[in-house]
Number of protein chains: 2
Amino acid sequence: MIVVEKISDVREIVKDRKVQGMSIGLVPTMGYLHEGHLSLIKKAKENSDFVCASIFVNPIQFGPNEDYNKYPRDVKRDIKLLEDNGCDLVFIPSVEEMYPNERLTTVSVSKITNKLCGAYRPGHFDGVCTVVAKLFNIFTPDIAVFGQKDAQQVAVIKKMVEDLNMPVEIIASPIVRDEDGLALSSRNTYLSDGERQAALILNKSLKEAEKILNDGERSVEKIIDTVRNILESEPLCKIQYVSCVHPDTLEDLKMINDKALIAIACYIGNTRLIDNLLWGVDV
Amino acid sequence: MIVVEKISDVREIVKDRKVQGMSIGLVPTMGYLHEGHLSLIKKAKENSDFVCASIFVNPIQFGPNEDYNKYPRDVKRDIKLLEDNGCDLVFIPSVEEMYPNERLTTVSVSKITNKLCGAYRPGHFDGVCTVVAKLFNIFTPDIAVFGQKDAQQVAVIKKMVEDLNMPVEIIASPIVRDEDGLALSSRNTYLSDGERQAALILNKSLKEAEKILNDGERSVEKIIDTVRNILESEPLCKIQYVSCVHPDTLEDLKMINDKALIAIACYIGNTRLIDNLLWGVDV
C-alpha cells in the first residue's frame, strides 16, 4: 500500500493508474478505523480497480464546542488495517496541506442540512461538503463509498454531487454493528463500560421500530413514540432527536408508504451517538 | 464543430478525446459573442488540443432587478462565429438541463466577493461560482479561459479553484477593445449612439491613470481622483465605483508598489458597464 501526505503525489499516482485504464475508488475517513470503515474499503474494492482511502480529521466540520482536539487518532494502526484489507493507497494530509492559505470558498447544501444532525451542528455539513469536494477534486474518483450510519451525510453528499454534476458515483454501505448490536463508531471509544452497555438502547429502539413497521404500523407518530419510550427507559440516555424522514429528501413523513429513514441522536453521558434504520430500501 | 445540448453528450465526447490523449480547453460564455470571446477561443487553442465553449445565460447569477430576460441572445450567429474560429465543440444547454431539480447546493467565495461588482450585485458570484463549478465537473477541462475584463470574476474563480483543489488551470486573457477604445461587451448592444460615444470615457479615464502611473504616481487617492474627475466630466456617465486593489487578493491599496488593478463600473444611461486597467502584470 502506498502512503502519501501530499496532494501532488496523489494526483501523480492516480493519473498513472488512470492511464493504465484502472478505475479509482475513494473512501474518505477521519481515521481511528473500525470494521465499519473496513466494510467501505471492501465495497470500494468490489466497485473499482484502485482503492484509495483518506485519513483526515477535518477541522472545519467541527463546531467550536465539539471534539476536534480529542477526536481519537491512531494513524499507525489505521495504516496496518488498511493494508491488511487490500487498500491500495492512503492519503494522510496535514491540516496545512489541505488548508494552506486563508480559505474563502465553501460548498454548502441548504434545506436538507437544517434538520437531524444539521440542526444541532451548525456549519458541520458546510465543512463536510467542502472537504469532500476537495477530496473529489484531488482524487477524481469514479466511485466514492460512505457509511450509511451517517445517513444525513450520505443524502447531503448525493445531493451535492447531483447539483454540481460531480463525475463520481456515491455508494452507501450498510451500518456495521458490534455483536451486541451497537453501531460501530470511532466515538464509541469515549464510552465507559456502563455507558457502553447503556448505548445498546439505540439499536434496541430501532429494532422495535423495525418490528412494528414489519407488522404493518404506518403512523410516524406511533413509531417515533415507540422509539422515544424505549430510549427514555435508559437513565444514561438523553435524546437529541428522533426523526422519521424520506431517505433521499429528508422530508418529514407523517405516514410511511414504501420507505423511510428513522434517525436518532442521543447523548450517552457526554458522548453523542447516532444510529438509524433505513426501512424499505436496499443499501 | 460539434453542437450539443446534453450533459451526457459532453461527457461522452470529452471522455473519447481524453482517451486519445487530447487535452481539453473550456471557454464558458453567456453567448452573444464578440471579438473578446473569440480571443478566448484563440487562447484556448494555444493551450489545449480540444477546444470547447459553452453558451448559457445563467439565471442564478442575475439579481431580481437585473437583465436576465433581456440579456442579448443570438445562438445561430454564435455557432457560426465559434465554428469559423476553430472551436471544436459548443455546449448549449437549456436551463432545465443545468438545473433539472430544486438546486440546494451553492459554491461561494467570501470576502473578495463583497467588494467591486460584488458589493452591488449580491449573490452574483455565488451564481458564477456554482455554474462554473458545474461546467468544470461536466467538461473536466485541463485549462479554462476567462476574460480579464471581469477582473473580479477571474480573481474569484482562481480562488475557488485553489481552495477546492479543482484540477484545472485558469488562464486570463486581456481585454479586447473596439478601435475607439471601448471594451467589448455583449451589453454594449444596449447603448444608443450617443451613449456609445459617452461610454468611451471609461477607457479614457483608465488611459490617463496608466499615464500618470507610468510617470511615477503611486498614490491611490490621486489616481482614483484623476479617474473620477474624468468620468464625472461626461454628463451621461454615473459612477458606481472606482477602486484600486491588489489584482489577486482584491485588497484595497493605499500606495501602489509593483502591481495594481484599477477597476471601474459606471452606468451610461441605463446600461451598466465595467472596465479595468491591470498595471504591472503580464496577462
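The structure presented is a predicted model; accordingly, all values stated were derived computationally and were not measured.

Parameters at a glance
Residues numbered from 1 in each chain as written. Chains lettered and ligands numbered in written order. Predicted model: local features only at pLDDT ≥ 70, side-chain atom pairs only at ≥ 80, totals over all residues. Heavy atoms only, no water. Buried < 20%, exposed > 50% of the residue type's maximum accessible area, 1.4 Å probe, protein only. Helix = DSSP H or I, 4+ residues; strand = E, 2+ residues; numbered from the N terminus. Pairing = 2+ DSSP bridges. Right-handed = clockwise from strand over helix to strand, strands pointing away. Phe/Tyr/Trp six-rings, centres within 6.5 Å; stacked < 30°, edge-to-face > 60°. Lys NZ or Arg CZ within 6 Å of the ring centre and 35° of its normal. UniProt positions renumbered as here; feature names shortened; annotations may be inferred. Contact = heavy atoms within 4.5 Å. Polar contact = N/O pair within 3.5 Å; in protein donor to acceptor, adjacent residues only side chain to side chain. Least-squares fit on C-alpha atoms with pLDDT ≥ 70 in both.

**Q** When you look at the pairing of strand 6 (residues 143-147) of chain A in this model, what are you seeing that I'm missing?
**A** The two faces of a sheet get side chains in turn, since along a regular strand they alternate between them. Residue and element names in this part refer to chain A. For strand 6, the tally of buried residues reaches four of five residues, placing the bulk of the element in the interior. Bridge count between strand 2 (residues 24-29) and strand 6: two bridges; the pairing is parallel. Pairing of Gly25 across the sheet is with Ile143, part of strand 6. Strand direction decides the pairing type here: strand 6 and strand 7 (residues 169-173), joined by five bridges, are parallel. Among the inter-strand pairings, Phe146 is bridged to a residue of strand 7, identified as Ala172. Of the crossover connections in this fold, the one passing from strand 6 over helix 7 (residues 151-163) to the parallel strand 7 is right-handed.

**Q** It is not clear to me how the packing of aromatic side chains should be interpreted in this structure. Could you clarify?
**A** In this description, a pair of aromatic rings is defined by centroid distance and the angle of the planes. Counted by the stated rule, this structure contains twelve aromatic pairs over all chains. Ring centres 6.5 Å apart and planes at 75 degrees place the aromatic pair B:Phe136 and B:Phe146 in the edge-to-face group. In this pair, B:Phe136 is assigned in helix 6 (residues 124-139) and B:Phe146 in strand 6 (residues 143-147), connecting sequence segments ten residues apart. Assessed through its relative accessible area of 4%, B:Phe146 is described here as buried. By the ring-pair criterion, three or more aromatic residues cluster together here, those being A:Phe62, A:Tyr68 and A:Tyr71. Cation over ring: A:Arg77 sits above A:Tyr32, and NZ or CZ is 5.8 Å from the ring centre.

**Q** Can you walk me through the UniProt feature "binding site: (R)-pantoate" (unreviewed entry) in chain A in this structure?
**A** All names here are of chain A. Following the UniProt record, one finds the feature "binding site: (R)-pantoate" (unreviewed entry) at Gln61 and Gln153. Look at the named residues: they lie 93 residues apart in sequence, but the longest C-alpha span between them is just 11.7 Å, so in the fold they bunch up. Here Gln61 shows up in the loop between strand 3 (50-55) and helix 3 (75-84). You can call Gln61 buried: its relative accessible area is 9%. Excluding anything up to four places from it in sequence, Gln61 contacts Met30, Glu66, Arg121, His124, Gly127, Val128 and Val131. Among the polar contacts made by the side chain of Gln61, one reaches the side chain of Asn58 at a distance of 2.9 Å. Assignment of secondary structure puts Gln153 in helix 7. What makes Gln153 buried here is its relative accessible area of 15%.

**Q** How should the side chain of B:Asn137 be read in this particular structure?
**A** As for its position among the elements, B:Asn137 is in helix 6. For B:Asn137, a relative accessible area of 10% puts it in the buried group.

**Q** How do you make sense of the UniProt feature "active site" (unreviewed entry) in chain A when you look at a structure like this?
**A** Residue and element names in this part refer to chain A. Cross-referencing UniProt, the feature "active site" (unreviewed entry) maps to His37 in the present numbering. Within the fold, His37 resides in helix 2 (residues 35-47). Note on His37: relative accessible area 13%, which makes it buried. Among residues more than four places away in sequence, those in contact with His37 are Thr29, Gly31, Tyr32 and Ser186.

**Q** Could you clarify how one ought to interpret the relation of the copies chain B and chain A in this entry?
**A** The operation relating the two chain copies consists of a rotation about an axis and a shift along that axis. Turning chain B through 180 degrees and shifting it by 0.0 Å along the axis lays it on chain A, with an RMSD of 0.0 Å. Interpreted geometrically, this transformation is the action of a two-fold axis. Minimal C-alpha distance to the rotation axis in chain B is attained by B:Val107, lying at 2.3 Å. Looking at chain B, 100% of its interface residues are interface residues in chain A too, so the copies touch through the same face.

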